[in-house]
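Structural overview for review
As a plain string of letters, each chain reads:
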Amino acid sequence: MAKTKPGKKDLDSYTIKGTNKVVRAGDCVLMRPSDSDKPPYVARVEKIEADHRNNVKVRVRWYYRPEESIGGRRQFHGAKELFLSDHYDVQSAHTIEGKCIVHSFKNYTKLENVGAEDYFCRFEYKAATGGFTPDRVAVYCKCEMPYNPDDLMVQCEGCKDWFHPSCMGMTIEEAKKLDHFLCSDCSSDDDAKRSLNAFPVSPSEAKVEPKRRKR
């Protein structure tokens, strides 16, 4: 069994300085960057330990923001999206500013209200190569882009695919007022086949599995 180095001891938890918030292994935290103009770093705590002087260190696995990745931020990346990287590090526990929650993509899209502490992750990221897992995701709309949970989309009652209002020549306000929607490919179908029921306005709560394509 692996032993802690001499003079060090494993800790079950750490209380963030100046707060009553308790951090344990497995929690996600916000860590103070060296440049105060940058947003806090996000990491998952893997281990907490103290040395003989009671200096507390945390072993963390970093989350990367899209703009910190090799490919940069892309159109389909959400404002609160993070990538779980293979970059591990040891940091002073004093740099922890607060706790946060990194949701799965599915759970994030079900949130009624997104708070400042809410983030989501749908990709793992290899920091050295810029590679992602999974390397393929479902795409939607005629623009064939992955789903961005920040963007409103409307579902076609014919093919069940999801579309950006702008790609359909509509404003967001116009899309919100629609009672039903058919994409250009389905709009020529027989009227008898059309459903006039209200449609969900976001893939997050789709009752019908959208048509999926792989890029």
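These figures come from a predicted structure and were not determined experimentally.

**Quick notes on the packing of aromatic side chains**
- Here the structure, examined in full by the defined rule, presents 12 aromatic pairs.
- On the numbers, 6.1 Å between centres and 40° between planes, the contact of phenylalanine 83 with tyrosine 125 is tilted. Linking phenylalanine 83 in strand S7 (residues 81-92) with tyrosine 125 in strand S9 (residues 118-125), this pair joins segments that are 42 residues apart in sequence. Neither residue differs from the other here; phenylalanine 83 and tyrosine 125 are each classed as buried.
- Ring plane angle 75° and centroid distance 5.9 Å describe the contact between phenylalanine 105 and tyrosine 147, whose orientation is recorded as edge-to-face. Here tyrosine 147 lies in the loop between strand S11 (138-139) and strand S12 (154-155) and phenylalanine 105 lies in helix H1 (residues 105-109), a separation of 42 residues in the sequence.
- Residue class for tyrosine 147 comes out buried when judged on its relative accessible area of 5%.
- Feature note: the residues Tyr64, Phe83, Phe123, Tyr125 and Phe132 constitute an aromatic cluster, connected by ring pairs.
- The ring centre of tyrosine 119 lies 4.6 Å from the NZ or CZ of lysine 80, which sits over that ring.

**Structural notes on unusual backbone geometry**
- Put simply, threonine 133 and proline 134 share a cis peptide bond, and its omega is -5°.
- Even without glycine at this site, cysteine 141 takes up a positive phi of about 70°.
- Tracing the backbone shows cysteine 141 in the loop between S11 and S12.
- Taking the relative accessible area as the measure of exposure, cysteine 141 reaches 1% and is therefore buried.

**As for the nonpolar core**
- Within the largest apolar cluster, 22 residues are counted, with the highest numbers of intra-cluster contacts made by Val29, Met31, Val58 and Ile96.
- Broken down by secondary-structure element, the contributors of at least two residues to this core are strand S4 (28-31), strand S5 (41-50), strand S6 (56-64) and S9.
- Not counting chain neighbours up to four residues away, the residues in contact with isoleucine 96 comprise Tyr14, Ile16, Val29, Leu30, Met31 and Val58.
- By size, the runner-up hydrophobic cluster in this structure holds 17 residues, among which are Cys141, Ala175, Phe181 and Leu182.

**Description of the side chain of histidine 164**
- Within the fold, histidine 164 resides in the loop between strand S13 (162-163) and helix H2 (172-177).
- Not counting the four nearest positions on each side in its chain, histidine 164 is found in contact with Cys141, Cys143, Asp151, Leu152 and Met153.

**A look at the pattern of salt bridges**
- For the coordinates displayed, the defined rule picks out 8 salt bridges.
- A salt bridge links lysine 8 to glutamate 49; the nearest nitrogen and oxygen atoms lie 3.5 Å apart. On the criterion of sequence distance, the pair formed by lysine 8 in the segment before strand S1 (9-10) and glutamate 49 in strand S5 is long-range, its members being 41 residues apart.
- Residue glutamate 49 is classed as buried on the basis of its relative accessible area, which comes to 16%.

**Topic: the environment of arginine 44**
- Counting through the fold element by element, arginine 44 comes out in strand S5.
- Among the residues examined, arginine 44 registers a relative accessible area of 24% and is labelled partly exposed.
- For the pair arginine 44 and valine 29, spaced 15 residues apart in sequence, the C-alpha separation works out to 6.3 Å.
- Within polar-contact distance, the side chain of arginine 44 engages the side chain of glutamate 46 at 3.1 Å.

Parameters at a glance
Residues numbered from 1 in each chain as written. Predicted model: local features only at pLDDT ≥ 70, side-chain atom pairs only at ≥ 80, totals over all residues. Heavy atoms only, no water. Phe/Tyr/Trp six-rings, centres within 6.5 Å; stacked < 30°, edge-to-face > 60°. Helix = DSSP H or I, 4+ residues; strand = E, 2+ residues; numbered from the N terminus. Buried < 20%, exposed > 50% of the residue type's maximum accessible area, 1.4 Å probe, protein only. Lys NZ or Arg CZ within 6 Å of the ring centre and 35° of its normal. Core = buried A, V, L, I, M, F, W, Y, C linked by side-chain atoms within 4.5 Å. Contact = heavy atoms within 4.5 Å. Salt bridge = Lys/Arg side-chain N within 4 Å of Asp/Glu carboxyl O. Polar contact = N/O pair within 3.5 Å; in protein donor to acceptor, adjacent residues only side chain to side chain.

These results come straight from atomic positions and should not be treated as a statement about function.
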